[in-house]
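In case you want the letters, here they are:
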Amino acid sequence: MEAFALVLAIPLFGALLLALWGHRNFAPELNAAVSFSTFLASAWLTEGIISDGPLLIWNDLFFIDPLNVFLVALTAFVGFTTSLFSRPYMRIERDHGKMTPNRMRLYHSMYQLFNCMMLVALTSNNVGVLWVAMEAATLTTVLLVSVYRTAASLEAAWKYFILCGVGIAQALLGTILLYLAAERAIGGGDGALLWTHLATAKAQLDPDILSIAFVFLLLGYGTKVGLVPVHNWLPDAHAEGPTPISAVLSGLLLNVALYAVLRCKVLADGALQNGLPGKMMIAFGLLSVVASAFFLSRQKDVKRMFAYSSIEHMGLMTFAFGLGGPIANFAGLLHMTVHSLIKSAIFFAVGHATQQAKTQLMEGIRGLIKVSPTVGWGLMLGALAILGMPPFGVFASEFLILTTAMRDLPWATPFLLLALGVAFAAIFARVQSMVFGETEAKPLKHPPALLPVFVHLGLGLMLGLYIPPYLVNWYQEAARMIGG
Amino acid sequence: MHLLLSQSINLFAAMLLIVVFAMISQRRILRVIHLFTVQGATLVASTIVVGYLTGQHHLYYSAAVTLIVKVILIPVLLHRVIDRLNVRWDVETLINIPTTMLIGIVLVVFAFNLALPIAKLSLSIARGTLGIALACFLLSFMMMISRAKAVPQVIGFLSMENSLFFAAAAATNGMPMIVELGIAFDVLAGILILGVFMFQIREQFDSLDIRHLEKLKED
């Protein structure tokens, strides 16, 4: 209870502090300290949930169960490591003249507010408040994406706002329809949007309304997950914003949006009993995996390429959760974790690489291993990990997803394999030429923060080789919750 | 009296639909803002009537929030923005009105069909108007994607939000208060951010034409 209050209060308070002092010289350290405290509080909360079971507090407004506490811990952890990475990165950007003191203040304050809004979205028990927090998180990231005020970043931010605005409006319509169904089943008032109430009464919700509501919810939150064909905002927002923001967008925000879809899927599954929500998710997921693999192979900008790779992996997770069943859900959750860790590690390495080469175009980045071996190796290992090479965790989760697909949905497997193969060929060739080769680039003035890269890769490696038993239990319990 | 009031909900709904049609066919930016204000006021009136008829007092608060945010604050902000950007008398030339109207009619028919099964299950007294609310939603959506200038695009977004509020009132007698407050706050924050963006877009491109924002192509 206290732990949970801290998890939300620390980033909120941090956002206020950084709104005052975000331009000072110590602001990056303060930012990291706030994120570290949030991480400690979330670890405390997680420990409490593991030992005492789910928590329902503050007039049932917030609800923490094994499913979301795992995402809370992951969000706080990646939020913390990204703040470590952002320390030297943003200093270098300031030296390059891209950041003024005012922009630094906006950046730091919005970073914490963004973290806070994601944590509210994850823990809210009220489906309406979940929507409000998702929208607020979108607004903060819109400001973060446009922080450089260049023509391209403004365009990306405007596109992001308008497309996600449309998407999230559809999710609101879905939420209204869900409320309509709930009003008939359990009566109106504040209780009718509480997820715990809805979950107990899900069999009584009207199937006709729920099927229409789920279409809107999936399309709406799916826009934020980056599912094809409503993904257009994602590559632009990733490519034009500061790299720490690309890391948290890919690693965290997409997860939170997928979490919203999962919560709605549990309700729709309970009401419909015909597996339609799962089939819709399979269709969207498969389309995203295949389409993004081909988009990916045509990119010239390194951050855009990895943004498309995020679409591919989110599609794979959506596909896994669509298949359902204990193994696919387990694999989906594992994939969520390792993708978050490894994709943010890749963005950390890419961030420093683009600063060294002073360009985001892949043909301009060469010989990373010569100038700074750690950045080079970080990118190489990260790319191998995200492409699903054993022994990294992505291999384990992709293997589980593929074997489940072979059993339950054999026709889909060739498409998945083809897409994974295309992505492998495209990314590996590009990364290889960026890492090796000759270069005249100079090392960076501030030593790059590479600890986060290797901590993330190490965790990704560990999850591929050995998952601690308590983590296995935790995943299984969460997978059971999604299974209904 | 009671009958008259419940009829007036249909009247307001019809007004909302007419206003949205007027919006999608209006070329002048200033008039689009006026129409948006009228739309907000109609929404407030219909929310009060639904609140009175059903005895749901939280709808009065919801109407008050809508009045403050969507009839007063946002139009004032928009007027300031167009004054400072000097686009008060701008005319958008590139919309094909007859075609938009025809597509609009098709959308209304589609919305009524979509609403039919939902409205049957609704308990609200205004359920007959759910089709209109969905039609307004789709028309605003169309306005958003068919306009090339920033201000009408944003108004399309806001009008979409208004239609959703009307849909909530029509289908369910209003969402829980905490959610409505949150949504109103998000919309207000969003409009502040977009207002700032418009200045920056103007600075960068010397124009508020969104067609300039097409450099980042899919490839």
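Counting restarts for each chain, with residues numbered from 1 along the sequence as it is written. Here the convention is simple: chains get letters from A, ligands get numbers from 1, in the order in which they are written. Two thresholds apply to this predicted model, a pLDDT of at least 70 for residue-level local features and 80 or more for giving and counting side-chain atom pairs, whereas whole-chain, interface and lining totals are computed over all residues. Note that water and hydrogens are dropped before the side-chain values are worked out from all heavy atoms of the structure.

## Some thoughts on the overall build of chain A
Thought 1: Counting secondary structure elements, chain A contains 19 helices and two strands.
Thought 2: On C-alpha atoms alone, chain A measures out to a radius of gyration of 21 Å, which is about the 23 Å that the 2.2 N^0.38 rule sets for 484 residues.
Thought 3: Considering only contacts in chain A between residues 6 or more positions apart, those separated by 24 or more positions represent 81%.
Thought 4: For every accessible area listed, the method is Shrake-Rupley and the probe measures 1.4 Å; residues are considered covered only by the protein chains on display. A total of about 15200 Å² of accessible surface is found on chain A, and carbon and sulfur atoms cover 67% of it.
Thought 5: Asp and Glu count as negative and Lys and Arg as positive, but His and the ends of the chain are not part of the count. Lys charges are placed at NZ, Arg charges at CZ, Asp charges at CG and Glu charges at CD. Taking the average place of the 28 positive charges on the side chains of chain A and the average place of its 25 negative ones, the gap between the two points comes to 10 Å. Only DSSP runs of H or I reaching four residues or more are called helices, and only runs of E reaching two or more are called strands; each is numbered from the N terminus. Put simply, the radius of gyration uses C-alpha atoms, and a globule should come to 2.2 Å times the residue count raised to 0.38. Residue contacts follow a heavy-atom distance rule, with two residues in contact if any of their heavy atoms lie within 4.5 Å.

## A closer look at the packing of helix H15 (residues 373-386) of chain A against helix H18 (residues 451-465) of chain A
Residue and element names in this part refer to chain A.
Thought 1: The convention used is that axes are lines fitted to C-alpha atoms, helices contributing only their stretch in contact, and that angles between N-to-C directions extend from 0 to 180 degrees. Across the interface, H15 lies against H18 with an axial gap of 10 Å and an inter-helix angle of 30 degrees. Here H15 lies roughly parallel to H18, going by the angle between them. In the packing of H15 onto H18, the handedness of the crossing is left-handed. For the pair H15 and H18, the contacting residues are Thr374, Gly378, Leu381 and Gly382 in the first and Val453, Phe454 and Leu457 in the second.
Thought 2: Each residue receives one of three labels: charged for Asp, Glu, Lys and Arg, nonpolar for Ala, Val, Leu, Ile, Met, Phe, Trp, Tyr, Cys and Pro, and polar for the others, Gly being one of them. Considering only residue class, the contact of H15 with H18 consists of four nonpolar, three polar and no charged. Oblique is the label for every angle not falling under 35 degrees (roughly parallel), over 145 degrees (roughly antiparallel), or within 65 to 115 degrees (roughly perpendicular). Helix crossings are classified by the rotation of the near helix relative to the far one: an anticlockwise turn of less than a right angle makes the crossing left-handed, while a clockwise turn makes it right-handed.

## Things to note about the interface of chain B and chain A
Thought 1: If you look at the interface, chain B gives 46 residues, while chain A gives 53 residues.
Thought 2: The buried area of a pairing is the accessible area, by a 1.4 Å probe, that goes missing from both parts when the two are put together, added over both. Taken together, both faces of the contact between chain B and chain A bury some 4400 Å²; the carbon and sulfur share is 75%.
Thought 3: We define a salt bridge as a side-chain nitrogen of Lys or Arg found within 4 Å of a carboxyl oxygen belonging to Asp or Glu. Applying the counting rule to chain B against chain A returns zero salt bridges.
Thought 4: Whenever a nitrogen or oxygen atom comes within 3.5 Å of another N or O atom, the pair is scored as a polar contact, on the condition that within protein one atom can donate a hydrogen and the other can accept it, and that pairs from neighbouring residues in sequence are kept only if both atoms are in side chains. Counting across the chain B and chain A interface gives one residue pair in polar contact (both at pLDDT 80 or more).
Thought 5: For the side of chain B that touches chain A, the element with the most residues is helix H7 (residues 177-205) of chain B, which contributes 16 residues.
Thought 6: In terms of residue class, the side of chain B that touches chain A is built from 31 nonpolar, eight polar and seven charged.

## Section: a nonpolar patch on the surface
All names here are of chain B.
Thought 1: The residues that make up patches have over 30% relative accessible area and no salt bridge, and they are joined within 9 Å when like-charged or within 5 Å when they are Val, Leu, Ile, Met, Phe, Trp or Tyr. Among the surface-exposed residues, Leu67, Ile68, Ile72, Leu73 and Val76 lie close enough to one another that they form a single nonpolar patch of about 400 Å² accessible area.
Thought 2: Note that Ile68 resides in helix H3 (residues 58-84).
Thought 3: Residue classification places Ile68 among the partly exposed positions, given a relative accessible area of 46%. Think of it in three bands: residues with accessible area under 20% of the maximum for their type are buried, residues over 50% are exposed, and the middle band is partly exposed, with areas taken using a 1.4 Å probe on protein chains only.

## Topic: the pattern of salt bridges
Residues and elements named next belong to chain A.
Thought 1: Evaluation of the coordinates by the stated rule reveals nine salt bridges over all chains.
Thought 2: A salt bridge links Glu93 to Lys98, with the nearest nitrogen and oxygen atoms 3.6 Å apart.
Thought 3: Classification of Glu93 by relative accessible area gives buried; the value is 2%.
Thought 4: In this structure, Asp236 and Arg304 form a salt bridge, with 2.7 Å as the shortest nitrogen-oxygen distance. Here the residue Asp236 occupies a position in helix H9 (residues 233-240), and Arg304 occupies one in helix H12 (residues 302-323), the gap between them amounting to 68 residues.
Thought 5: Accessibility expressed as a relative area gives 7% for Arg304, which makes it buried.
Thought 6: Overlapping salt bridges, with partners in common, bring together Glu29, Arg87 and Arg91 in one network.

## Digging into H7 of chain B
Thought 1: Take the number of residues in a helix, subtract one, and multiply by 1.5 Å to get its expected span. Between the first and last C-alpha of H7 of chain B there are 41 Å, a value that for 29 residues agrees with the 42 Å anticipated at 1.5 Å per step.
Thought 2: Two residues or fewer past H7 of chain B, Asp206 of chain B is found with a positive phi of approximately 60 degrees.

## Quick look at the nonpolar core
Thought 1: Here, nonpolar core means buried Ala, Val, Leu, Ile, Met, Phe, Trp, Tyr and Cys residues that are tied together by side-chain atoms lying within 4.5 Å of each other. In this structure, Trp158, Tyr221, Phe306, Leu333 and Leu379 of chain A are the most contacted members of the largest nonpolar core, which totals 245 residues.
Thought 2: Residues in contact with Trp158 of chain A, not counting those within four places in the same chain, are Ala150, Gln153, Val154, Leu194, Phe197, Met198, Ile201, Ile210 and Leu213 of chain B.
Thought 3: Listed in part, the 19 residues of the second largest apolar core include Ala320, Ala405, Ala412 and Leu420 of chain A.

## A word on unusual backbone geometry
Residue and element names in this part refer to chain A.
Thought 1: With an omega dihedral of 10 degrees, the bond running from Val228 to Pro229 counts as a cis peptide bond.
Thought 2: Secondary-structure assignment places Pro229 in the loop between helix H8 (207-225) and H9.
Thought 3: With omega at 5 degrees, the peptide bond leading from Pro390 into Pro391 counts as cis.
Thought 4: By the secondary structure assignment, Pro391 is in the loop between H15 and helix H16 (393-408).
Thought 5: Non-glycine residue Gln273 carries a positive phi angle of around 60 degrees.
Thought 6: Of note, Gln273 is situated in the loop between helix H10 (243-272) and helix H11 (276-296).
Thought 7: A residue is classified by how much of its surface remains accessible, and Gln273, at 64% relative accessible area, is exposed.
Thought 8: Despite not being glycine, Lys358 shows a phi value in the positive range, around 60 degrees.

## Focus: the side chain of Asn255 of chain A
Residues and elements named next belong to chain A.
Thought 1: Of note, Asn255 is situated in helix H10.
Thought 2: Assessed through its relative accessible area of 2%, Asn255 is described here as buried.
Thought 3: There is a polar contact of 3.2 Å between the side chain of Asn255 and the backbone oxygen of Gly251.
Thought 4: Setting aside residues up to four positions removed in sequence, Asn255 forms contacts with Leu71, Leu74, Met314, Met317, Met336 and Ser340.

## Let's talk about the environment of Gly278 of chain A
Thought 1: Topologically, Gly278 of chain A is positioned in helix H11.
Thought 2: Considered as a pair, Gly278 of chain A and Phe216 of chain A are 62 residues apart in the sequence and their alpha carbons are 15 Å apart.

## Quick word on H12 of chain A
All names here are of chain A.
Thought 1: End to end, H12 covers 32 Å across 22 residues, agreeing with the expected 32 Å (1.5 Å per residue, within 8%).
Thought 2: The element H12 is extensively covered by neighbouring structure, given that 22 of its 22 residues are classed as buried.
Thought 3: The residue sitting at the N-terminus of H12 and contributing the capping side-chain oxygen is Asp301; that oxygen lies 2.8 Å from the backbone nitrogen of Lys303.
Thought 4: Directly beyond the C-terminal end of H12, a positive phi value near 70 degrees is found at Gly324.

## Comments concerning the state of the cysteines
All names here are of chain A.
Thought 1: A pair of sulfur atoms, both from cysteines and within 2.5 Å, is called a disulfide here. Tallying each qualifying case throughout the model produces zero disulfides over all chains.
Thought 2: Of the cysteine sulfurs around Cys116, a residue in no disulfide, the closest is that of Cys164, at 20 Å.
Thought 3: With no disulfide of its own, Cys164 lies 16 Å from the sulfur of Cys264, the closest cysteine sulfur.

Scope: geometric values only; no functional claims are made or implied.
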